[in-house]
Amino acid sequence: MADRRGASSDSALVITRRDVLAAASVGMAMAPAFPAWAAAAGQLTWGIHVSLAPVWFEPAEASGIITPFMVFYALHDAMVKPMPGKALAPSLAESWSAAEDGRSYEFLLRDGAKFHNGDPVTAEDVKFSFERYRGTANELLKQRVAAVETPDARHIRFQLKEPWPDFLLFYATMTGAGWIVPKKYVEKVGADGFKKAPIGAGPYKFVSFNPGVELVLEAFDPYWRKPPSVKTLVFRVIPDEATRLAALKRGEVDIAYSIRGELAEDLRNTPGLSLKPALVQGVFCLYFPDQWDPKSPWHDERVRRAASLAIDRKGTNDALTLGYSKVTGNPIVPDGYEFFWQPPPEAAAYDPEKAKKLLAEAGHPGGFDAGDYNCDSSYANIGEAVVDNLAAVGIRARLRPVERAAFIKEYNEKKFKNIIQAGPGAFGNAATRIEAQLVKGGTFSYGSYPDIDELYQQQTVELDRAKREAILHKIQQIMTERVIYAPIWQLAFINGTGSRVGESGFGKIALFPYTSPYEDITIKG
């Protein structure tokens, strides 16, 4: 007998076992009845802070970061996904249920959902999208799913090899496996052809892409949830922050992502513009990939602790994100996620003198050359501040900014050494972050500790929530005590909107950094 309790309506991005075992409530499962809508009209233009990559049009290659979801939410649709007021909202699946033994999940597809080419979304498309998925956590998903069954065109059943409390999180939120693409079209054009001309089931359809310049999307009026209000969306690539702000001031863009420091102050003080800070699920930290090498200075816990003590989090937060970022001391799990553990204050202490003493005790009284400080170029200004902090205690590092797509590729392929400025931002909970960042075989894990690996495996099959929470808290405590990562902060993403924007979509989905849902965005008047 399946558990039929209603899905959570909490606004925080806390996805509980109650959510996971729940079918969508009747009111949410029904396609909403809308009045006669005016045709979509007008254009809104975004100033994007990173260079858009074709891989972000392809759910099958989701890389374990949040950035592709900026495009996914417009171009594609998922079986289940985070939405306003719901950590797990029925989308292409109008309802779902889980067996009481936790070994199977069944989904009912929404009747009438269509792809942009007019083809209906069917169970075969869902199965195909899962089987072709090759992105982050792919091996984990395939190892734990015994079979995908399609009894008819609207029913899909996932049979698991053993109970897995986080199946729905991995399938529906932190990976791209539950974002559905059209089987017939993909088989016709191939993987490369799909990236060049993607077809999805989201509220906007692909028009054109000029690499390094802009992506253009157009409203898909038959979208099941509601017809979009804005006809055309343009995502314009403007990597330089000052240039993005200038474009916003001139009205060349309507929404600008990631405006920080003095530029954010300027934005806040400019008539007609609005500052839109959003505390998000992205956390920033330093990772020491050489800590498992006995010959590396980072092998010594005292050196890693010294690096953490060197970071002036409050000063950098005030200077770059106007104090909106949140210093929790947890380097990889954001406050607001299920099973988040709050470290003691000393985990984020700023004490450069103590840092120097620890370095001396570890055999580095004059400090040491730490090599490259690898970071996503769009967050190089955080890196500049931290590199200066490290230098002040004798840890001499060279800032090495890398464009985002290349940064994630190098990080994933385990090519970095010395120091990595990491920014875990994927959907999920504490367990999914630990899987990606901390345990053996994790997407972004360069090494592991046997006791953490063992605890992680224990929690994967633990159905008692209190026991599972205790295990996950223990893992985070060990991570903090060993300074496997040095925390920086939970990011406040500072953005700006112009005078034409009605509903911007910022902050509607809990902890999500980008504007969404796109079909809710409006132009004033």
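Everything here concerns the structure above.
Residues numbered from 1 in each chain as written. Predicted model: local features only at pLDDT ≥ 70, side-chain atom pairs only at ≥ 80, totals over all residues. Heavy atoms only, no water.

## Describing the overall build of the chain
- In terms of regular secondary structure, the chain is built from 17 helices and 17 strands.
- Rg of the C-alpha trace for the chain: 23 Å, near the compact-globule value of 24 Å for 525 residues, within the 12% margin.
- In terms of its C-alpha atoms, the chain occupies a principal-axis envelope of roughly 70 × 60 × 40 Å.
- The burial tally for the chain puts 61% of its 525 residues in the buried class.
- Within the chain, contacts between residues separated by at least 24 positions form 71% of all contacts whose residues are at least 6 apart in sequence.
- Accessible area for the chain stands at about 19100 Å²; split by element, carbon and sulfur atoms hold 51% of it.
- A distance of 2 Å separates the average location of the 61 positive side-chain charges in the chain from that of its 63 negative side-chain charges. (Helix = DSSP H or I, 4+ residues; strand = E, 2+ residues; numbered from the N terminus. Rg over C-alpha atoms; globule rule 2.2 N^0.38 Å. Buried < 20%, exposed > 50% of the residue type's maximum accessible area, 1.4 Å probe, protein only. Contact = heavy atoms within 4.5 Å. Areas by Shrake-Rupley, 256 points an atom, 1.4 Å probe, with all protein chains shown as cover. Lys, Arg positive; Asp, Glu negative; His and termini not counted. Charge placed at Lys NZ, Arg CZ, Asp CG, Glu CD.)

## Overview of the pattern of salt bridges
- Following the criterion strictly, the structure yields 37 salt bridges and no others.
- Glu58 serves as the salt-bridge partner of Arg134, at 3.8 Å between the closest nitrogen and oxygen. Placement of Arg134 in the loop between helix H4 (123-132) and helix H5 (138-144) and of Glu58 in the loop between strand E2 (41-48) and helix H3 (69-75) is noted, with a sequence separation of 76 residues between them.
- We classify Glu58 as buried; its relative accessible area is 0%.
- The shortest N-O distance in the salt bridge between Glu469 and Arg465 comes to 3.6 Å. One end of the pair, Glu469, and the other, Arg465, are both in helix H17 (residues 465-481), four residues apart, so they sit about a helical turn from each other.
- Exposure remark for Glu469: the relative accessible area of 24% places this residue in the partly exposed category.
- Among the charged side chains, a network of salt bridges with common partners joins Glu58, Glu61, Arg132, Arg134 and Lys195. (Salt bridge = Lys/Arg side-chain N within 4 Å of Asp/Glu carboxyl O.)

## Description of the side chain of Asn374
- Position of Asn374 relative to the elements: it lies in strand E14 (residues 368-376).
- When its relative accessible area of 2% is taken as the criterion, Asn374 is described as buried.
- Polar side-chain contacts of Asn374 include one of 2.9 Å to the side chain of Arg400.
- Apart from the residues within four sequence positions on either side, Asn374 is in contact with Arg400, Phe407, Phe416, Lys417, Ile419, Ile420 and Gln421. (Polar contact = N/O pair within 3.5 Å; in protein donor to acceptor, adjacent residues only side chain to side chain.)

## A few points about the packing of aromatic side chains
- Under the defined criterion, the tally for this structure stands at 42 aromatic pairs.
- Taking the centre distance of 5.8 Å and the plane angle of 75° together, the rings of Phe69 and Trp179 count as edge-to-face. Residue Phe69 is located in helix H3, and its partner Trp179 is located in the loop between helix H6 (167-174) and helix H7 (183-196); the two are separated by 110 residues in the primary sequence. Accessibility assignment for this pair places Phe69 and Trp179 in one class, buried.
- Aromatic pair Phe130 and Phe158: ring centres 5.3 Å apart, planes at 75°, arrangement edge-to-face. (Phe/Tyr/Trp six-rings, centres within 6.5 Å; stacked < 30°, edge-to-face > 60°.)

## Here we look at the environment of Glu58
- As for Glu58 and Leu75, which are separated by 17 residues in sequence, their C-alpha atoms are 9.8 Å apart.
- Aside from chain neighbours lying at most four places away, what touches Glu58 is Phe72, Arg132, Arg134, Phe194 and Lys195.
- In this structure the side chain of Glu58 is engaged in a polar contact, spanning 2.9 Å, whose partner is the side chain of Arg132.

## A closer look at the nonpolar core
- Grouped together as the largest cluster of nonpolar side chains are 156 residues, with contacts concentrated most on Met79, Phe107, Tyr171 and Tyr518.
- Those residues in contact with Tyr171 that sit more than four places away from it in its chain are Met79, Phe107, Val126, Phe130, Leu141, Phe158, Ala177, Gly178 and Ile180.
- Ile238, Leu275, Leu322 and Ala492 belong to the second largest nonpolar core, which has 14 residues in total. (Core = buried A, V, L, I, M, F, W, Y, C linked by side-chain atoms within 4.5 Å.)

## Some points on the packing of H4 against H7
- Where H4 meets H7, the closest approach of the two axes is 9 Å, and the angle between their N-to-C directions is 50°. In terms of axis orientation, H4 runs oblique to H7. Each of Glu124, Asp125, Phe128 and Arg132 in H4 lies in contact with H7, whose residues at this interface are Lys183, Val186 and Glu187.
- Taken together, the residues that form the contact of H4 with H7 break down as two nonpolar, no polar and five charged. (Axes fitted to C-alpha atoms, helices over the stretch in contact; angles between N-to-C directions. Parallel < 35°, antiparallel > 145°, perpendicular 65-115°, else oblique. Nonpolar A, V, L, I, M, F, W, Y, C, P; charged D, E, K, R; others polar.)

## Focus on the pairing of strand E5 (residues 93-99)
- Buried residues dominate E5, accounting for seven of its seven residues.
- Across five bridges, the pairing between E5 and strand E6 (residues 104-109) is antiparallel. By the bridge assignment, Ala93 is partnered in E6 with Leu109.
- Adjacent in sequence and paired antiparallel, E5 and E6 are bridged by four residues, among which Gly102 carries a positive phi angle near 75°. (Pairing = 2+ DSSP bridges.)

## Overview of the environment of Pro401
- Looking at where Pro401 falls in the secondary structure, it is placed in strand E15 (residues 395-402).
- Once the C-alpha coordinates of Pro401 and Pro151 are considered, the two residues, 250 residues apart in sequence, prove to be 50 Å apart.
- Look past the residues within four positions of Pro401 in its chain and what remains in contact with it is Cys375, Ser377 and Ala380.

## Digging into helix H13 (residues 380-392)
- For H13, which comprises 13 residues, the first-to-last C-alpha distance of 18 Å matches the rise-based estimate of 18 Å (1.5 Å per residue) to within 8%.
- Among the residues of H13, Ala380, Asn381, Ile382, Gly383, Ala385, Val386, Val387, Asn389 and Leu390 are the ones counted as buried.
- Just beyond H13, the residue with positive phi is Gly394, at close to 105°. (Expected span 1.5 Å × (residues − 1).)

## Focus: the sheet that holds strand E12 (residues 255-256)
- In space, the 10 strands of this open sheet follow the order E9-E10-E11-E2-E12-E17-E13-E16-E14-E15, with mixed pairing throughout. If you trace the sheet from one side to the other, it starts and ends with strand E9 (204-210) and E15, each paired once.
- For E14 and E15, the ladder comprises eight bridges, and the chain directions are parallel. Note that in E15 the partner of Asp372 across the bridge is Arg398.
- Of the strands in this sheet, strand E13 (274-287) and strand E17 (485-497) are in contact with helix H9 (residues 261-268), which crosses E13 at around 165°.
- Contacts from helix H14 (residues 404-412) reach E13, E14, E15, strand E16 (419-422) and E17, with the element oriented near 120° to E15.

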